[in-house]
Amino acid sequence: MVQRRTYEKISVKKEDVISYLQPNGNFTKKLRAKEIPKDLESQIDQLLHIANDFMSPKGIFQLFSVNDLPKRECFAETQQVALAIVTIGVKLPSEVNRLMSEGKYVDGVIFDAIGSAGVEKVADLVNLEITKIAEKQDLSFSSRYSPGYCQWSVNDQRIFFSHLPADDIGVTLSDGYMMQPIKSVSFAINLGTNIKKSKWETRCKNCEDRGQCTYRLS
Amino acid sequence: MDTEEIYREMANSIVSLDQEKAVHLANQALDESMDLLQVIEKGFGEGIRKVGDLWDEGEFFLPELMSGAQIMEKAVDIITPGLQSSGSERQSSGKVLLATIEGDIHSIGKTIVATMLKANGFQVVDLGTDVKAEKIVDEAIKGDIDIIGVSTLLTTTMVNQKKVIDLLNQKNIRNKFKVIFGGAPVTQGWVDECGADGYAENAVESVKLVKELIQ
Ligand code: B12
């Protein structure tokens, strides 16, 4: 059965916001994260304080038997798949656009980063619910994964939008497979027996991008 | 303080992200009837270039880069009326049109590029997001544009970037514009495949690329 969630408030972590604001260039070579200046940190704190007024966190998810889904590499060794879409709504992105167009670039980019960290937080909450369901049924489960990452094509956003009533949480898909509002994420979690050792869950071990990819699972 | 020293102070006010000082120095430049073009070029402009370098070198966080641009804009806003009344204007380094391609509503990357280009003296026409190739080409012709910059977020929307080049070719005006691409999925391979003139991975690189292409 399809599950819908609305969250009154979410707590976005400052560290997660900062991770989207890191300096570029030689940063990765330096390896050590640079300390954030105090006044910038307090500006982030202030914006985090009001951020919930601009977010309407929502999620939708459902468990499917793998037989009800098209054949894909990522579904090869699972019995069930949870499909989920989450969003923080349109208000925050519009606020970012307003700030940027008024020349308030600093607040604009910080707010944008809060939105990215925010929607990932909503994904965390829905993820947790799904793994609890799995535990109740004594099933093992995978990490969450999304179309557009690893070998899974963005085109498969179609699977999410044909299987979930995403309209209910105000998310639509463009012809270019982009979700509106922009701060939305779709993801899947495999549920079954022996998922942890499946080829898909251990895909990073044999990946040619190993060592370069920031999304590596242990 | 001699003039060179004041220019240095101006550059420093941007690098130290000190808006109060920048505003003060901009007003001082007006009061003392300094050469305002030089004030922008050698003074504040030098500062914003350093800010870009600092971000590139991993010293500045994104909001600090943006803060530099924000303060630069304040200073230029103060100076512009003085420039105009003296009959000159900030020399445009060139005119760039920016748009996020159709099917794509991601704006932040493009807007950051626009901000940095403006801070570095380029005129920018920003058409916004989800813009059709036809509209981009029409506006480029109308707006006497030097460089067309097209942004995208996903590989699935990236394919539409090519339409801009195709359309320019169809209309036989490909050589009238330089076309550059940007956004997370864009690679040199894609640029070559489309026959575009270049791409940049971030806003600071974009400024360098545009400078190179416009020479
Ligand atoms: C933050 C982020 C998100 C956030 C926020 C999205 C947003 N942008 O608002 C969230 C979590 C919501 C998200 C969601 C998704 N994301 Co995402 N995301 C990113 C990430 C980490 C950064 C993108 C970003 O905003 N960067 C900050 C801005 C400022 O940078 P930018 O837009 O790239 O712009 C800079 C440069 O590209 C350049 N530039 C930009 N435009 C132009 C134009 C010109 C002319 C020039 C010269 C330069 C230039 O300069 C800009 C400033 O420095 C990238 C990975 C990465 N490291 O880039 C993945 C990434 C873009 N995402 C990806 C994917 C797949 C998705 C999802 C489809 C996942 C999913 N299934 O849910 C969704 C799609 C969202 C949607 N609405 O449809 C993929 C895309 C790969 C692909 N195959 O297309 C990436 C590349 C990650 C990966 N797999 O490697 N994402």
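Position numbers for residues start from 1 in each chain and track the written sequence from start to end. Written order decides the labels, with chains lettered from A and ligands numbered from 1. The model is predicted, so local features are restricted to residues of pLDDT at least 70 and side-chain atom pairs to those at 80 or more, both for listing and for counting; the totals for chains, interfaces and linings are taken over all residues. Note that the side-chain values use all heavy atoms of the structure and ignore hydrogens as well as water.

1. Description of the overall build of chain A
The condition is simple: A run of DSSP states H or I qualifies as a helix once it reaches four residues; a run of E qualifies as a strand once it reaches two. Both are numbered from the N-terminal end. Within these notes, the globule rule equals 2.2 Å times the number of residues to the 0.38 power, and the radius of gyration is based on C-alpha atoms. Contact definition: two residues touch when any of their heavy atoms are within 4.5 Å. What sets the accessible areas is the Shrake-Rupley method with a 1.4 Å probe; for residues, cover comes only from the shown protein chains. We score Asp and Glu as negative and Lys and Arg as positive, and we do not count His or the chain ends. Just so you know, the charge point we use is NZ for Lys, CZ for Arg, CG for Asp and CD for Glu.
Along chain A, the regular secondary structure elements total 6 helices and 7 strands. Helices and strands appear in chain A in the N-to-C order β-α-α-α-β-β-α-α-β-α-β-β-β. Against the compact-globule benchmark of 17 Å for 218 residues, chain A has a radius of gyration of 18 Å, which places it among compact chains. In terms of overall dimensions, chain A has C-alpha extents of about 50 × 40 × 35 Å along its principal axes. Taking the intrachain contacts of chain A between residues at least 6 apart in sequence as the baseline, contacts between residues at least 24 apart amount to 75%. Just so you have it, chain A exposes about 11700 Å², and 48% of that area is on carbon and sulfur atoms. On chain A, the mean spot of the 29 positive side-chain charges and the mean spot of the 27 negative ones are 4 Å from each other.

2. A word on the confidence of the model for chain B
Counted only if it meets this: Scored between 0 and 100, pLDDT is the confidence that the predictor attaches to each residue.
Mean pLDDT for chain B: 94, with 98% of residues reaching 70 or above. Complex prediction metrics read pTM 0.95 and ipTM 0.92.

3. A look at the site of the ligand
Counted only if it meets this: Nearness is defined per residue: one heavy atom within 4 Å of the molecule or strand is enough. Nitrogen and oxygen atoms within 3.5 Å of one another constitute a polar contact, given that in protein one can donate a hydrogen and the other can accept it, and given that sequence-neighbouring residues count only through two side-chain atoms. Residues were grouped as follows: Ala, Val, Leu, Ile, Met, Phe, Trp, Tyr, Cys and Pro as nonpolar; Asp, Glu, Lys and Arg as charged; and all remaining residues, including Gly, as polar.
Not every one of the 39 residues close to the ligand is listed here, only the nearest: Met179 and Lys183 of chain A together with His106, Ser151 and Thr155 of chain B. Residues within reach of the ligand are spread across chains A and B. For the ligand, a nitrogen atom lies 3.1 Å from a polar atom in the backbone of Gly148 of chain A. In this structure, Ile182 of chain A approaches the ligand through a main-chain N or O atom, which is 2.9 Å from a nitrogen atom. Only helix H5 (105-136) and strand S7 (184-192) of chain A together with helix H5 (108-119), strand S3 (147-151), strand S4 (178-182) and helix H10 (203-214) of chain B provide two or more residues apiece to the shell around the ligand. When the residues that make up the shell around the ligand are grouped by side-chain class, the tally is 21 nonpolar, 15 polar and 3 charged.

4. Details of the sheet that holds S4 of chain B
Residue and element names in this part refer to chain B. Which entries qualify depends on this criterion: Two strands make a pair as long as DSSP finds a minimum of two bridges between them. To obtain an axis, a line is fitted to C-alpha atoms, over the contacting stretch when the element is a helix, and the angle between two such axes runs from 0 to 180 degrees between their N-to-C directions.
Here 5 strands make up an open sheet; going across it, the order is S2-S1-S3-S4-S5 and the pairing parallel. Both outer strands of the open sheet, strand S2 (123-126) and strand S5 (198-200), are each paired with one neighbouring strand and no more. Adjacent strand axes in the sheet meet at a mean angle of 25°, parallel and antiparallel pairs treated alike. Contacts from H5 reach strand S1 (95-100), S2 and S3, with the element oriented near 170° to S1. Helix H8 (residues 161-170) rests against S3 and S4 of the sheet, and its axis sits at about 170° to S4.

5. Points about the interface of chain A and chain B
Quick reminder of the rule: Buried area is calculated as the accessible area (1.4 Å probe) missing from two parts once they are joined, with the contributions of both summed. Note on definitions: salt bridges are taken to be side-chain nitrogens of Lys or Arg within 4 Å of carboxyl oxygens of Asp or Glu.
Contacts between chain A and chain B engage 33 residues on the former and 31 residues on the latter. Interface of chain A and chain B: buried area, both sides summed, is about 2600 Å²; carbon and sulfur atoms make up 67% of it. At the junction of chain A with chain B, the criterion picks out 0 salt bridges. Counting across the interface, chain A meets chain B through 7 residue pairs in polar contact (both at pLDDT 80 or more).

6. Brief notes about the confidence of the model for chain A
In this model, chain A carries an average pLDDT of 92, and 93% of its residues clear a pLDDT of 70 or more. Taken as a whole, residues 25-32 of chain A scores under 50 in pLDDT and shows 12 contacts with residues more than four places along the chain or in a different chain.

7. Topic: the environment of Ala11 of chain B
Residue and element names in this part refer to chain B. Basically, it comes down to this: Note on exposure labels: buried denotes an accessible area under 20% of the residue type's maximum, exposed denotes more than 50%, and partly exposed covers the range between, all computed with a 1.4 Å probe on protein chains only.
With respect to the helices, strands and loops of the structure, Ala11 is situated in helix H1 (residues 3-15). Accessibility expressed as a relative area gives 4% for Ala11, which makes it buried. Residues Ala11 and Lys162, 151 residues apart in the sequence, show an inter-C-alpha distance of 40 Å. Not counting residues up to four positions away in its chain, the partners in contact with Ala11 are Gly43, Phe44, Glu46 and Gly47.

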